[in-house]
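# Notes for the structure review
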Amino acid sequence: GAGVSQSPRYKVAKRGQDVALRCDPISGHVSLFWYQQALGQGPEFLTYFQNEAQLDKSGLPSDRFFAERPEGSVSTLKIQRTQQEDSAVYLCASSLKFSRDRGRPGELFFGEGSRLTVL
Amino acid sequence: AQSVTQLGSHVSVSEGALVLLRCNYSSSVPPYLFWYVQYPNQGLQLLLKYTSAATLVKGINGFEAEFKKSETSFHLTKPSAHMSDAAEYFCAVRTLEGGGNKLTFGTGTQLKVEL
């Protein structure tokens, strides 16, 4: 497709369940980001990939959160043993440019997000 | 560390009136600044960005923002509000931690446009 695609759009999980959220970036985009947006808040950075390499995972809130991008395209964010505080919209974004390009930053294109509700 | 502060979580204007959404930044280096718009149940869409070229930046949908270093501000304006402008708006700064291109967002301003 033309844009960043995320699935599922909505996910309801019982506390303690594992969930997996998928992101299909724009074809050819090198950089991929995951953000977490809690209700009424701005998005907060979780992790960043350049191709298949996870260069920054400083924003992952706990070791229950894990992200991968094994072939440098599709990425999956996995949350193990979900807790109520994990309820949020998880946004994926991709960019054509390398992160370490200190020139003008590449535009980030965001998906519509996956809304996770943990009961 | 770079950060942004958005003043006013909710702003209400009449259709046709001036829109002014405030954003102040904190950065130890020349910042790259952005405004994004988010419509309900959608992702973020880039409105405009400041990358140290012109201080007055024009974006999509008639929005513009002016970078004022002396005031550490990057306020978003639109001369005449339209009903379709009702959405949430986020100011963001590019941070250099982790190699750059990571955005730090403000808490957002919900814009309501009334007839």
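Residues numbered from 1 in each chain as written. Chains lettered and ligands numbered in written order. Predicted model: local features only at pLDDT ≥ 70, side-chain atom pairs only at ≥ 80, totals over all residues. Heavy atoms only, no water.

On to the side chain of A:Asp56. Residue and element names in this part refer to chain A. Summarising the element assignment, Asp56 is placed in strand E6 (residues 53-56). Here Asp56 falls in the buried class, since its relative accessible area comes to 7%. Only 2.7 Å separates the side chain of Asp56 from the side chain of Ser58, close enough to count as a polar contact. (Helix = DSSP H or I, 4+ residues; strand = E, 2+ residues; numbered from the N terminus. Buried < 20%, exposed > 50% of the residue type's maximum accessible area, 1.4 Å probe, protein only. Polar contact = N/O pair within 3.5 Å; in protein donor to acceptor, adjacent residues only side chain to side chain.)

Considering only enclosed or pocket space, the largest pocket measures out at about 510 Å³ in volume. A:Gln37, A:Leu39, A:Arg115, B:Gln38 and B:Glu88 are the residues nearest the centre of the largest pocket, which is lined by 30 residues in total. If you list the elements that add at least two residues to the lining of the largest pocket, you get strand E9 (88-95) and strand E11 (114-118) of chain A together with strand E9 (87-95) of chain B. Looking at the lining of the largest pocket element by element, the count peaks at four residues for E11(A). (1 Å grid on protein atoms, 1.4 Å probe; cavity = no way out; pocket = protein on both sides within 12 Å on 5 of 7 lines; lining within 4 Å. Points joined across faces, edges and corners; volume = space filled by probe spheres on them.)

All names here are of chain B. Judged by pairing direction, the sheet is antiparallel, and its five strands sit side by side in the order E1-E3-E8-E7-E6 without closing on themselves. Looking at which strands have only one partner, the edges of the open sheet turn out to be strand E1 (3-7) and strand E6 (56-58). Strand after strand, the sheet turns through a mean of 20 degrees between neighbouring axes, direction not considered. Taken together, the five bridges between strand E7 (residues 64-68) and strand E8 (residues 73-78) define a ladder with antiparallel strand orientation. (Pairing = 2+ DSSP bridges. Axes fitted to C-alpha atoms, helices over the stretch in contact; angles between N-to-C directions.)

Residue and element names in this part refer to chain A. Positionally, Asp86 belongs in the loop between strand E8 (75-79) and E9. Residue Asp86 is classed as buried on the basis of its relative accessible area, which comes to 3%. The residues touching Asp86, leaving out its near neighbours within four places in the chain, are Gln36, Arg64, Phe65, Ile79, Leu116 and Val118. (Contact = heavy atoms within 4.5 Å.)

We now examine the nonpolar core. Counting residues in each nonpolar core, the largest one holds 26 residues, and the members touching the most others are B:Trp35, B:Leu48, B:Phe74, B:Leu76 and B:Tyr89. Leaving out residues up to four positions away in the same chain, B:Tyr89 has contacts with B:Gln6, B:Leu21, B:Trp35, B:Tyr36, B:Val37, B:Leu47, B:Phe63, B:Leu76, B:Gly108, B:Thr109 and B:Leu111. Grouped together as the second largest cluster of nonpolar side chains are 20 residues, A:Leu60, A:Ala67, A:Ile79 and A:Val118 included. (Core = buried A, V, L, I, M, F, W, Y, C linked by side-chain atoms within 4.5 Å.)

Backbone-to-backbone hydrogen bonds join strands into a sheet, with any given pair of strands oriented parallel or antiparallel. All names here are of chain A. With respect to topology, four strands assemble into an open sheet ordered E1-E3-E8-E7, the strand pairing being antiparallel. Here the strands that pair on one side only, and so sit at the sheet edges, are strand E1 (5-7) and strand E7 (65-68). Across the sheet, the mean angle separating the axes of adjacent strands is 15 degrees when strand polarity is ignored. In this sheet, strand E3 (residues 19-24) lies alongside E1 in antiparallel orientation, the contact comprising three bridges. From the neighbouring strand, Ser7 faces E3, where its bridge partner is Arg22.

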